[in-house]
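Okay, here's what each chain looks like letter by letter:
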Amino acid sequence: MALQVGIVGLPNVGKSTLFNALTAAKAESANYPFCTIDPNVGVVTVPDARLEQISKFVKPQKKIPTTIEFVDIAGLVKGASKGEGLGNQFLANIREVDAILHAVRCFDNDNVIHVEGSVDPERDIETINTELLLADLETVDKKYQKVEKIARTSKDKNIIAEASLLKKFKETLESGKPARTVTIEESEQEAMKQIHLLTMKPVLYVCNIDEDSISQADSNEYVKKVKDLAASESNECVVICTALEAEISQLPPEEQKEFLESVGLEEPGLNRLIREAYKLLGLITYFTAGEKEVRAWTIRQGTKAPQAAGVIHSDFERGFIRAETFHCNDLFEYKSESAVKEAGKYRSEGKEYLVKDGDIMLFRFNV
């Protein structure tokens, strides 16, 4: 689906280290601002225990997980909306992604330069959010001045809806609130497609802590502040140590397990981060399962069966007849597809069926 999550934050908060850990790529990581100028893009496997569980019963020749793309975007600084620190270029990179992963420094270390001279997560978050908000306000102001004049004499419903929506965005942004807090009416949905704002994008905060704080992350005062702020915005927050995660990502699987046990972790923190980012985009997973392969497929929540089939191949959607399906939990309970059928859990669904997260699908089509 090529949906992307952009990693943003101030310089030197651990963005590129996080990106390296996520993708096992080698984005340059250095102790000075703006070491990442062109956005690095990495395709990351979405960890899903259900893929392994399904494979135990189906015993395929291969397993194929689904993926998500992360983009490492260079650090923003105060004044970015006015071009400070190559701000215009970086804001343009953020505009291209579908969701924002906001990395926040939550550790003290005199050896790692902080662009503001001290560690203050609330201030750092406000700096980024303000720059995104100011950039949006400039965009909305320009559009509103143009559209509002036309809307005064126009009878075009779309023009009138766009002017109304832009006015709401303008008032909201001027009050210091992000565009995503605006209630969009059904009549404004079409107009919304023409307005691309940075603060409309969903946000996931990532607290970057040091290794000493891993076992007591909940008592980290910086983390508490970020969690409180995230909760006030109805956003989620994930706590990880990017330096440690980068180390873990370089280890072979058997050594990873040993290492995680030694530091009291059940799985890499990145696994939860990836899953939260996937959820942030409004994505779910369905599976196809056969002797050749068990495969995970990504769709948006609320996708109907023909469109879900189209993710595999356009012919599947074009010639869709029906979907034969059951949930993976049924397979885990009854141990085989034949037992699922005997239990009456195997269903035939038509064009209006909304595919659920965890469905195992077989599409019937004719072209």
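This text goes with the structure placed above it.
Since this is a predicted model, take the numbers as computed values, not measurements.

Draft legend 1. The pattern of salt bridges, seen in detail. By the definition in use, this model includes 21 salt bridges. Between K304 and E352 there is a salt bridge, with its nearest N and O atoms 2.6 Å apart. Placement of K304 in the loop between strand 9 (293-300) and helix 11 (305-312) and of E352 in the loop between strand 11 (347-349) and strand 12 (359-365) is noted, with a sequence separation of 48 residues between them. Exposure remark for E352: the relative accessible area of 58% places this residue in the exposed category. Salt bridges linked by common partners bring D48, R50 and D357 together as one network.

Draft legend 2. Fine view of the sheet that holds strand 4 (residues 67-72). What the six strands build is an open sheet, ordered 2-4-1-5-6-7; its pairing is mixed. Looking at which strands have only one partner, the edges of the open sheet turn out to be strand 2 (40-45) and strand 7 (236-240). Looking at each pair of strands side by side, their axes are set apart by 25° on average, direction ignored.

Draft legend 3. Highlighting the pairing of strand 7. As judged from the five bridges shared by strand 6 (residues 203-208) and strand 7, these two strands associate in the parallel manner. The residue bridging L204 from the neighbouring strand is E236, located in strand 7. Crossover strand 6 to strand 7 through helix 7 (residues 221-232) is right-handed.

Draft legend 4. Expanded view of the pairing of strand 10 (residues 320-327). Among the eight residues of strand 10, six are classified as buried, and the element is accordingly described as predominantly covered. Examined bridge by bridge, strand 10 and strand 12 share seven bridges and lie antiparallel to one another. Across the sheet, the residue bridging to F326 is I360, located in strand 12.

Draft legend 5. Quick peek at the packing of helix 4 (residues 121-153) against helix 5 (residues 157-174). Contact pair helix 4 / helix 5: the axes reach a minimum separation of 9 Å and the direction vectors enclose 145°. Viewed along their axes, helix 4 and helix 5 form a crossing whose handedness is left-handed. Only I159, I160, E162, A163, L166, K167, F169, K170, L173 and E174 of helix 5 make contact with helix 4, whose side of the interface consists of L133, D136, L137, V140, D141, K143, Y144, V147, E148, I150 and A151. Grouping the constituent residues of the contact of helix 4 with helix 5 by class yields 13 nonpolar, no polar and eight charged.

Rules used throughout
- Residues numbered from 1 in each chain as written.
- Predicted model: local features only at pLDDT ≥ 70, side-chain atom pairs only at ≥ 80, totals over all residues.
- Heavy atoms only, no water.
- Salt bridge = Lys/Arg side-chain N within 4 Å of Asp/Glu carboxyl O.
- Helix = DSSP H or I, 4+ residues; strand = E, 2+ residues; numbered from the N terminus.
- Buried < 20%, exposed > 50% of the residue type's maximum accessible area, 1.4 Å probe, protein only.
- Pairing = 2+ DSSP bridges.
- Axes fitted to C-alpha atoms, helices over the stretch in contact; angles between N-to-C directions.
- Right-handed = clockwise from strand over helix to strand, strands pointing away.
- Left-handed = near helix turned anticlockwise from the far one by under 90°.
- Contact = heavy atoms within 4.5 Å.
- Nonpolar A, V, L, I, M, F, W, Y, C, P; charged D, E, K, R; others polar.

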